[in-house]
Amino acid sequence: MKKGMKRISLFLAAIMLMSLCIGCGQRASDPPSTSEENADMIAPDWKGATLTLGTLNPEGNADSVAAQWFADQLSEKTGGRLKVNVYPHAQLGNQSVQIEALTMGTQDFFIGGMEPFASIAKELQVLTVFFLFENQEQFQKFFTTQYYADAEAKLAENNIVAINKAYNWVKGPYRILLSMKHVDGSLDTIKGLTVRIPDQEVFQKSWRALGAAPTVLALNETYLAMQQGLVDSVDLIPASIASNGFQDIVKCILKTNAFPQREGVMMNKTTMDSLPEEIQEIIYETADEAGDYYTSLVEEAADKILDECRDKGIEVIEDADLSEWYAACANLGYDLEASGYLPSGITDAIKALK
């Protein structure tokens, strides 16, 4: 009898140990655990709503995965009364079309970069100034400034509200330079290098300050241009490597951290204001929770693609001394203020955030 009881005790202990191991086995990119909200706390007379959310990237991309998680959590927390239909891969149109739809109220949510909203709020153009922000902490402080408050006010005037108040959808999570030639922290390796850029003044002036030759070109035309020797390099984020096939042709990848980035998680203001206050609180809360999940996906994907590039024999430089780059761009913010691209005084305001 004692032997039988001993076997049972050992069996139960083994089950408990397995349960603990399973509970501890969550990966960084697994969705964070959330508790289901008590649907009874939501106004009983609210009949619910069905909203639309658009992204630009395919279903498996980090922003689209996190967008679906965000939608699922809103449904769970509201007892199914708030439904969000997610349309990834630009099904609702390109970036400009979706931002206009967001303004008009024909689309309820948009998840994409914050930078495009600079067409509405000039203050946001500072987000892509090379080497103005020295680290993520300084960048995060920008969202506490009067300049950003002014940007939010302009977004509100255009019927848009940013719902990720933690600003923790870390995009990238850093900038890289993909090159057909060897590049490193020395400006000698950048001098005369042709770099594909979007048609924006800040990219023109930034790369010229570094001694490179910026070339405006559509991203979907860049692979062929690099193959044909028309362009030497392209400035992107890790997620754009595989989606454009650059790992098959480039020779070198340099981590530049030229500027931090955040994904813009935006909502139509009229739609938000029409919802019960408790639903609005759930939306803000869940957007921040989804930010942690999104960032973990981005970091994991960046590590994976860079490892794959190394396996292909591509030179990957992650710890270059970029002090020469910082020095070359030291006055860039002031130059952009003088041209009217940036609001007056914003460069000094950001430098003071250290």
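Please refer to the structure higher up on the page.
It should be emphasised that the depicted structure is a prediction, and the values quoted were computed from it without experimental measurement.

K.L.:
Can you help me understand the overall build of the protein in this one?
P.N.:
Within the protein one finds 13 helices and eleven strands. Burial analysis of the protein (354 residues in total) assigns 48% to the buried set. The contacts of the protein with a sequence gap of at least 6 include a subset with a gap of at least 24, amounting to 77%. Working note: accessible area of the protein is about 16,900 Å², and carbon and sulfur atoms make up 52% of it.

K.L.:
Explain the nonpolar core to me, please; I cannot follow it from the model alone.
P.N.:
Most often, soluble globular proteins keep nonpolar side chains buried together rather than apart. Ranked by size, the top nonpolar core spans 52 residues in total, and within it Val-126, Phe-130, Phe-142 and Trp-207 carry the most contacts. For this core, the secondary-structure elements that each account for two or more residues are helix H3 (95–104), helix H5 (146–157), strand S4 (160–162), strand S6 (194–197), helix H6 (201–209), strand S9 (252–255), helix H12 (332–338) and helix H13 (346–351). For Trp-207, the contacting residues outside a window of four places in its chain are Phe-130, Leu-177, Ile-190, Val-195, Ile-197, Ala-212, Pro-214, Asp-235 and Trp-325. Counting 33 residues, the second largest nonpolar core, distinct from the first, contains Val-84, Ile-163, Tyr-293 and Tyr-294.

K.L.:
What am I meant to see in the packing of helix H2 (residues 62–77) against helix H10 (residues 277–311) here?
P.N.:
Relative orientation and spacing of two packed helices are given, respectively, by the angle between their axes and the distance between those axes. One way to put it is that H2 packs onto H10 with a least axis distance of 9 Å and a crossing angle of 145°. The two elements H2 and H10 cross, and the hand of that crossing is right-handed. In this structure, H2 contributes Ala-62, Asp-63, Val-65, Ala-66, Trp-69, Phe-70, Gln-73, Leu-74 and Lys-77 to the contact, and H10 contributes Ile-282, Ile-283, Glu-285, Thr-286, Ala-287, Glu-289, Ala-290, Tyr-293, Tyr-294, Leu-297 and Val-298. Partitioning the contact of H2 with H10 into residue classes produces 14 nonpolar, two polar and four charged.

K.L.:
What am I meant to see in the sheet that holds strand S3 (residues 109–113) here?
P.N.:
Within a sheet, neighbouring strands are paired by backbone hydrogen bonds and run either parallel or antiparallel to one another. Taken together, the five strands give an open sheet; going across it, the order is S2-S1-S3-S10-S4, and neighbouring strands pair in mixed fashion. Both outer strands of the open sheet, strand S2 (82–87) and S4, are each paired with one neighbouring strand and no more. Each strand of the sheet is rotated relative to its neighbour by a mean of 25°, with strand direction disregarded. Pairing of strand S1 (residues 49–55) with S2 involves six bridges; the strand directions are parallel. Paired with Thr-50 across the bridge in S2 is Lys-83.

K.L.:
Explain H10 here, please?
P.N.:
Think of an α-helix as 3.6 residues a turn; residues three or four steps apart then line up on the same face. Taking 1.5 Å of rise per residue, 35 residues should cover 51 Å, and H10 covers 52 Å from first to last C-alpha, within 8% of that figure. Of the residues flanking the end of H10, it is Gly-313, one or two places downstream, whose phi is positive at about 90°.

K.L.:
Explain the packing of aromatic side chains to me, please; I cannot follow it from the model alone.
P.N.:
When we look at a pair of aromatic rings, we describe it by the centre distance and by the angle of the planes. Overall, the coordinates contain 21 aromatic pairs when judged by the stated rule. Where Phe-131 meets Tyr-326, the ring centres are 4.6 Å apart and the plane angle is 50°; that geometry is what we call tilted. On the criterion of sequence distance, the pair formed by Phe-131 in the loop between S3 and helix H4 (136–141) and Tyr-326 in helix H11 (residues 323–328) is long-range, its members being 195 residues apart. Consider the rings of Phe-142 and Tyr-148, whose centres lie 5.9 Å apart with planes at 65°: the pair is edge-to-face. Accessibility assignment for this pair places Phe-142 and Tyr-148 in one class, buried. In this arrangement the basic side chain of Lys-255 is found over the ring face of Tyr-174, its NZ or CZ atom lying 4.2 Å from the centre.

What counts and what doesn't
- Residues numbered from 1 in each chain as written.
- Predicted model: local features only at pLDDT ≥ 70, side-chain atom pairs only at ≥ 80, totals over all residues.
- Heavy atoms only, no water.
- Helix = DSSP H or I, 4+ residues; strand = E, 2+ residues; numbered from the N terminus.
- Buried < 20%, exposed > 50% of the residue type's maximum accessible area, 1.4 Å probe, protein only.
- Contact = heavy atoms within 4.5 Å.
- Areas by Shrake-Rupley, 256 points an atom, 1.4 Å probe, with all protein chains shown as cover.
- Core = buried A, V, L, I, M, F, W, Y, C linked by side-chain atoms within 4.5 Å.
- Axes fitted to C-alpha atoms, helices over the stretch in contact; angles between N-to-C directions.
- Left-handed = near helix turned anticlockwise from the far one by under 90°.
- Nonpolar A, V, L, I, M, F, W, Y, C, P; charged D, E, K, R; others polar.
- Pairing = 2+ DSSP bridges.
- Expected span 1.5 Å × (residues − 1).
- Phe/Tyr/Trp six-rings, centres within 6.5 Å; stacked < 30°, edge-to-face > 60°.
- Lys NZ or Arg CZ within 6 Å of the ring centre and 35° of its normal.

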